[in-house]
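Working through the structure, step by step
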Amino acid sequence: MPELPEVETIRRQLKKAILNKKITKVEVLSKKQFPQNPKLVVGKIIIAVERRAKLLIIKLTHQKNLIIHLKLSGQLIWQSNPPAGGQKIKLKRVIPTVGEFLPSKSTRVILTIGRGKLFFNEMRKFGWIKLLTNVQLDKELQKYGIEPFRKDFDQKSFAKALTNTRRPIKTVLLDQEKIAGIGNIYANESLYLSKIHPAMPANTLNAKQVNGLRENIIKVLKLGLKYGGASDEYYIHPDTTRGTYQNHFSVYGKSGESCRKCRSIIKRISLGGRGTYFCPGCQKAE
DNA sequence: AAGATTGTTGCTTA
DNA sequence: TTAAGCAACAATCT
């Protein structure tokens, strides 16, 4: 699933492809994924490509912003030289859930930008693209918590985010209003590195654990970025290549395998209704 | 074939 | 009053 490193990787690639280009056509194949009037975007020029939390923000002229949430299975695929006319685009390689041609059965929106086309695919129809004014965008972004790569993600602010809640630390890490951009993969991996049991109530972590976890969150997110994100399931880059962080997981999706540090068997439990992976040997509940 | 899975929202419960 | 728990969403896999 696209989390901070995955969305950031897409942002960097996409920026190179579409910055300063004009949107000339918007094709909405699934209204739920693009509820607003697509005509409001046509003719606008892309002046910035930004990210906040797991949101991709495409800033346009006339104070308009396209906000994209990829949710569980969203993909953004860029084709710089699509064939003229309406025929399907044949891809160089077969991509899982996409197949060999674009648009595919999971394509929900197609943006024509300059000479290229940007395909928004989302198999499950949870993801969306919204059009917001600058004022609406500011308001929307306010509800998100600390951005892990910013300087203000320090020990003090992180400790504050963890007080006053007895929820499991793993659940709090996934709470976008507390910390922005962490999903299931990076929550599990950062807790493993920190030797903290995922079910520990957040307000029972001591200062050393809080700071260790903070440092390891930054560490795993940077590692994810280094490998171009985790193409564990549906995530791919705009150029259709895959990230490789999935080859470096310590616990995520590894129940039944042995821990690389202590040889204990990785366990899977459910917290907040979500799959949670940890090493019972390394991650003790105190 | 019913149930689990997944991130987020919005409703219900405590 | 507010935190916490959970159904719902869509599609796929088991």
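For clarity, every value in this text was computed on a predicted model and none was experimentally measured.

1. Considering the UniProt feature "domain: FPG-type" (unreviewed entry) in chain A
Mapped onto the present numbering, the UniProt feature "domain: FPG-type" (unreviewed entry) falls at residues 250–284. Secondary structure across residues 250–284 comprises 0% helix and 29% strand; the distance between its end C-alpha atoms is 16 Å.

2. Quick word on the domain arrangement of chain A
On domain assignment, one finds that chain A holds domain 1 (4–141) and domain 2 (155–278). Its C-alpha centre places domain 1 at a distance of 28 Å from the equivalent point of domain 2. Taken together, the contacts link 25 residues of domain 1 with 20 residues of domain 2. Carbon and sulfur atoms supply 64% of the area that domain 1 and domain 2 bury against each other, a total of about 1,900 Å² over both sides. A per-residue breakdown of the area domain 1 buries against domain 2 is headed by Pro-5, Glu-6 and Gln-13, which together make up 27% of the total. Viewed at the interface, domain 2 and domain 1 are joined by 0 salt bridges. Viewed at the interface, domain 2 and domain 1 are joined by 8 residue pairs in polar contact (both at pLDDT 80 or more). At the level of elements, helix 1 (4–18), strand 5 (74–79) and strand 6 (89–95) are the ones that each hand at least two residues to the side of domain 1 that touches domain 2.

3. Let's talk about the protein's contact with DNA strand B
Taken together, 13 residues lie around DNA strand B, and Met-1, Lys-54, Leu-72, Arg-268 and Arg-274 are the ones closest in. For DNA strand B, the backbone portion of the atoms within 4 Å of the protein, that is sugar and phosphate, comes to 61%. Measuring from a phosphate oxygen of DNA strand B, one finds a side-chain N or O atom of Arg-268 at 2.9 Å. Split by residue class, the surface near DNA strand B holds 3 nonpolar, 4 polar and 6 charged.

4. Topic: the packing of aromatic side chains
Considering all chains together, one arrives at 6 aromatic pairs under this definition. Ring geometry for Tyr-186 against Tyr-245: centres 5.4 Å apart, planes inclined by 5°, an arrangement best described as stacked. Of this pair, Tyr-186 sits in helix 5 (residues 184–193) while Tyr-245 sits in the loop between helix 6 (207–226) and strand 11 (267–271), and the two are 59 residues apart along the sequence. Each member of the pair, Tyr-186 together with Tyr-245, is buried. Ring plane angle 70° and centroid distance 5.4 Å describe the contact between Tyr-252 and Tyr-277, whose orientation is recorded as edge-to-face. A residue pair is termed long-range when its members are at least 10 positions apart, and Tyr-252 in the loop between helix 6 and strand 11 and Tyr-277 in strand 12 (residues 274–278) qualify at 25 residues. Here Tyr-252 and Tyr-277 have matching classes, each one buried. Cluster of aromatic residues (ring-pair linked, three or more members): Tyr-186, Tyr-227, Tyr-245, Phe-249, Tyr-252 and Tyr-277.

Cut-off values and rules
Residues numbered from 1 in each chain as written. Chains lettered and ligands numbered in written order. Predicted model: local features only at pLDDT ≥ 70, side-chain atom pairs only at ≥ 80, totals over all residues. Heavy atoms only, no water. UniProt positions renumbered as here; feature names shortened; annotations may be inferred. Helix = DSSP H or I, 4+ residues; strand = E, 2+ residues; numbered from the N terminus. Domains from an automatic or database assignment. Contact = heavy atoms within 4.5 Å. Buried area = accessible area lost by both parts, 1.4 Å probe. Salt bridge = Lys/Arg side-chain N within 4 Å of Asp/Glu carboxyl O. Polar contact = N/O pair within 3.5 Å; in protein donor to acceptor, adjacent residues only side chain to side chain. Near = heavy atom within 4 Å. Nonpolar A, V, L, I, M, F, W, Y, C, P; charged D, E, K, R; others polar. Phe/Tyr/Trp six-rings, centres within 6.5 Å; stacked < 30°, edge-to-face > 60°. Buried < 20%, exposed > 50% of the residue type's maximum accessible area, 1.4 Å probe, protein only.

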